[in-house]
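Notes for the structure review
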Amino acid sequence: MESEEVPSKEFVLTLDQSNFTETVAKHDFIVVDFYAPWCGPCKMLAPEYEKAASVLSSHDPPVALAKVDANDEKNKELASEFDINCFPTIKILRNGGKNIQEYKGPRDAEGIIEYLKKQSGPASAEIKSVDDANALINGNKIIVVGIFPEFSGEKFENFTALAEKLRSDYDFGHTLDAKLLPRGESSVAGPTVRLFKPFDELVVDFEDFDVDAMEKFVEESSVPIVTLFNNDPANLPFVDKFFDSPNAKAMLLMNLSSEVADPFKSKYHEVAELYKGKGLSFLMGDIEASQDMLEDFGLKEDQLPLIIILTNDDQKYLKSNLESDQISSWVKEYMEGNVPPYRKSEPIPKVNNEPVKVVVADSLQDMVFNSGKNVLLDFYAPWCGPCKMLAPILEEVAVSLQSDAEIVIAKIDATANDIPDDLFDVKGYPTLYFRSASGNLVQYDGDRTKEDIINFIQKNRDKTIQQQDEGKDEL
């Protein structure tokens, strides 16, 4: 008789709606991976996560790792409660689930282990020696250190509360001796918050120990006056903070290695200093790292150097083929409201005589809103499979209705043209909208067949006087 193979022990806890709350309540610190079985990145994470769980189960104290199939119908409520919008999403739950924190660490076993060891320990590490300080304060991260005459009192408690609140984003330390720190005034006795950073003034002190004031100080001080976007991965955390900022975003894109780059860098930094704290953040992007950005904005390399400003309502403002001495005046014009918005658009076709007409952003107003016609508009993406399946059907619809001069069947590449979000809710492709000649705008959500689309058009179109008379004759 063959011996049965004993299944290896799984260290990752499997949770669902029935045992989630009870299990989490038993742990001061537990990590939960919300995944979907079909998700490729989830499958890549799973063995690394299990390996990390195995090692961390022996940590002192043990660190529990768990998983939830957020795609399972019975766990949909859990997924909604934790705002799970993509897979995998990892959350750190503290104090029996009372405090929830985003996991912002690596996805390999070794990285997960090191990150969670740090996250499960004290939020702020005591600095007792120069070696402690050098281990914590390295050259490419934001480090926040509290300097105190003693580790007690309201200011120390507030600093500890700040460290707990922001520990997933920053490393914190505290010390009784400023002389141990590598930079800054060594005679400071405290209480003082000292922030170390790898850019601008390198170190800055702060003495208001209100928690909200300290948080604002840390967040504002940890963003460079000009964020550098290139292929150096050390800059990525600062690029992420730039794009997460609530400010409008000014981006200078050019070849930063070119002979003419220095005057641009200097002038741009001067302007960024001038508008610091005025709702506009500044980034300088190298051409090699900015290719995706150029494509997203519908821009070409022959327009460089350029500045583009992106506002929170998705308006864009552009100055292309920029000279360094134009930076200050153009930003001033933008701040004063004297720069018109930029709109990404394909060129208006010189010939547009196919049954399905081509619309671009620059012709949308004339061909749809000012045409006085009943227009069915297909928002598509060139790579989209369902869009390709719909295309010949729309062609048949257009051919069937081409004798009716009051109806237009049209399409617009929604990836290459800016779409007015206040009018069209395009969240996927294809999306169809119908605008009647009188201006009634409605989204089509019926079956994608020739007959259904034609019936929808005829039902929602505006009737001409001739058609109305013909209708009366039939009665």
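Above: the structure in question.
Now for a quick tour of the structure. (Residues numbered from 1 in each chain as written. Predicted model: local features only at pLDDT ≥ 70, side-chain atom pairs only at ≥ 80, totals over all residues. Heavy atoms only, no water.)

Here we take up the packing of helix α9 (residues 261–274) against helix α11 (residues 327–335). Direction vectors running N to C along α9 and α11 enclose 35 degrees, while the axes themselves pass 9 Å from each other. The two elements α9 and α11 meet at a crossing, and its hand is right-handed. Along its contact with α9, which presents F264, K267, Y268 and V271, the element α11 presents I327, S328 and V331. By residue class, the composition of the contact of α9 with α11 is 5 nonpolar, 1 polar and 1 charged. (Axes fitted to C-alpha atoms, helices over the stretch in contact; angles between N-to-C directions. Helix = DSSP H or I, 4+ residues; strand = E, 2+ residues; numbered from the N terminus. Left-handed = near helix turned anticlockwise from the far one by under 90°. Contact = heavy atoms within 4.5 Å. Nonpolar A, V, L, I, M, F, W, Y, C, P; charged D, E, K, R; others polar.)

On to the packing of helix α6 (residues 154–166) against helix α7 (residues 211–221), then. In contact at an axis separation of 9 Å, α6 and α7 are set at 50 degrees when each is read in the N-to-C sense. Classified by the interaxial angle, the pair formed by α6 and α7 is oblique. Pair α6 / α7 crosses with right-handed handedness. Where α6 approaches α7, its residues N158, F159, L162, K165 and L166 are matched on the opposing element by V211, M214, E215, V218 and E219. Its residues assigned to classes, the contact of α6 with α7 comprises 6 nonpolar, 1 polar and 3 charged. (Parallel < 35°, antiparallel > 145°, perpendicular 65-115°, else oblique.)

Glancing now at the sheet that holds strand β5 (residues 99–102). Ordered in space as β1-β3-β2-β4-β5, the 5 strands form an open sheet in which the pairing is mixed. With partners counted over all chains shown, the strands left at the sheet margins are β1 (13–15) and β5, one partner each. Ignoring strand direction, the axes of neighbouring strands in this sheet form an average angle of 30 degrees. Examined bridge by bridge, strand β2 (residues 29–35) and strand β3 (residues 64–69) share 6 bridges and lie parallel to one another. By the bridge assignment, V32 is partnered in β3 with A66. (Pairing = 2+ DSSP bridges.)

If you trace the backbone, S168 turns up in the loop between α6 and β8 (171–175). In this structure S168 comes out as buried when scored by relative accessible area, which is 14%. Ignoring any residue separated from it by four or fewer positions in sequence, one finds S168 in contact with Q101, E102, K104, Y115 and Q119. (Buried < 20%, exposed > 50% of the residue type's maximum accessible area, 1.4 Å probe, protein only.)

Taking burial as the measure, the 7 residues of β2 include 7 buried ones, the bulk of the element. Of the two faces of β2, the one carrying F29, V31, D33 and Y35 and the one carrying I30, V32 and F34 are both buried. Direction of pairing for β2 relative to strand β4 (residues 89–94): antiparallel, over a ladder of 6 bridges. Within β4, the position partnered with V31 by the bridge is I92. A crossover connection joins β2 to the parallel β3 through helix α2 (residues 40–56); in handedness this β-α-β unit is right-handed. (Right-handed = clockwise from strand over helix to strand, strands pointing away.)

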